[in-house]
Amino acid sequence: MSPRLPESVDPWRSADLQKRFSGQLALSMFPRLASSLTSAKGTVDYSLEFKRITRRRVAISGTLHSQLSIECQRCMGPMPYPLDVSFELIVTAGPEEAKLLSEAADSLVVVEDEGVSPLEILEDELILVLPLVAMHSEDECEVGPEEMAVGDEIVVEQEASEDESPFAVLAQLKSDLKQTN
Ligand SMILES: [Zn+2]
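Attention here is on the structure that accompanies the text. Since the structure is predicted, the reported quantities are computational estimates derived from the model, not experimental observations.

About the thresholds
- Residues numbered from 1 in each chain as written.
- Predicted model: local features only at pLDDT ≥ 70, side-chain atom pairs only at ≥ 80, totals over all residues.
- Heavy atoms only, no water.
- Pairing = 2+ DSSP bridges.
- Helix = DSSP H or I, 4+ residues; strand = E, 2+ residues; numbered from the N terminus.
- Core = buried A, V, L, I, M, F, W, Y, C linked by side-chain atoms within 4.5 Å.
- Buried < 20%, exposed > 50% of the residue type's maximum accessible area, 1.4 Å probe, protein only.
- Contact = heavy atoms within 4.5 Å.
- Axes fitted to C-alpha atoms, helices over the stretch in contact; angles between N-to-C directions.

Of the pairings in the sheet, the one linking strand S1 (residues 20–26) to strand S2 (residues 43–54) comprises seven bridges and is antiparallel in character. Counted as the bridge partner of Leu-25 is Val-44 from S2. Sheet topology note: the S2/strand S3 (residues 57–71) ladder contains 10 bridges and is antiparallel. When the bridges of S3 are listed, Arg-52 appears paired with Val-58. The hairpin turn running from S2 into S3, its antiparallel successor, is two residues long.

The following block contains the structure:
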């Protein structure tokens, strides 16, 4: 188990060594993810494991745990988003090998000696699991109760004007009578 996450790793070598990385990273380490968050404060617990499947294929499996804060698309307020995911990517030696994989498999094409960035992999997976449209549940959303309050006020106003109108009509009648007298 390696305490530090290297900038780039050779997936083939890492797989042969059965490398496993795990630890905790600040959310601010993921700039692309941070733009989708209401706050980049907090951390992500991660694990990444490299395994050789065949001569030209390596599996990278990992887990991510975090408590993100994303924006509710209804009230635009912050919304806690607990994240607990596991994923598996298949590293292939080239695009031809990637084509042989089933469409369901997420493949990562690595050409020759090019390494993979563990940080980029983790960030991609974090972004992938974010909901396209996030919303609070109705009882937790800022907009829900406000809309209900506005509705109540309208009802109260209607009742009040109904109560007032007979008096208003009466007042008008009185003034009309005064004028005729
Ligand atoms: Zn909301």
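This part takes up the nonpolar core. Inside soluble globular proteins, nonpolar side chains tend to come together where they are buried. Among the nonpolar cores identified, the biggest contains 35 residues, and Phe-50, Ile-60, Leu-64 and Leu-122 are the most heavily contacted of them. Not counting residues within four places of it along the chain, the set of residues in contact with Leu-64 comprises Val-44, Asp-45, Tyr-46, Leu-83, Asp-84, Val-85, Phe-87, Leu-122, Glu-125 and Leu-126.

Glancing now at the sheet that holds S1. Sheets are built from strands paired through backbone hydrogen bonds, the pairs being either parallel or antiparallel. Strand order across the open sheet formed by five strands is S1-S2-S3-S4-S5, with mixed pairing between neighbours. The open sheet has two edge strands with one neighbour each: S1 and strand S5 (107–109). Taking each pair of neighbouring strands and ignoring which way they run, the sheet shows an average axis angle of 30°. Across the sheet, helix H4 (residues 118–129) is in contact with S1, S2, S3, strand S4 (78–92) and S5; its angle to S4 comes to roughly 125°.

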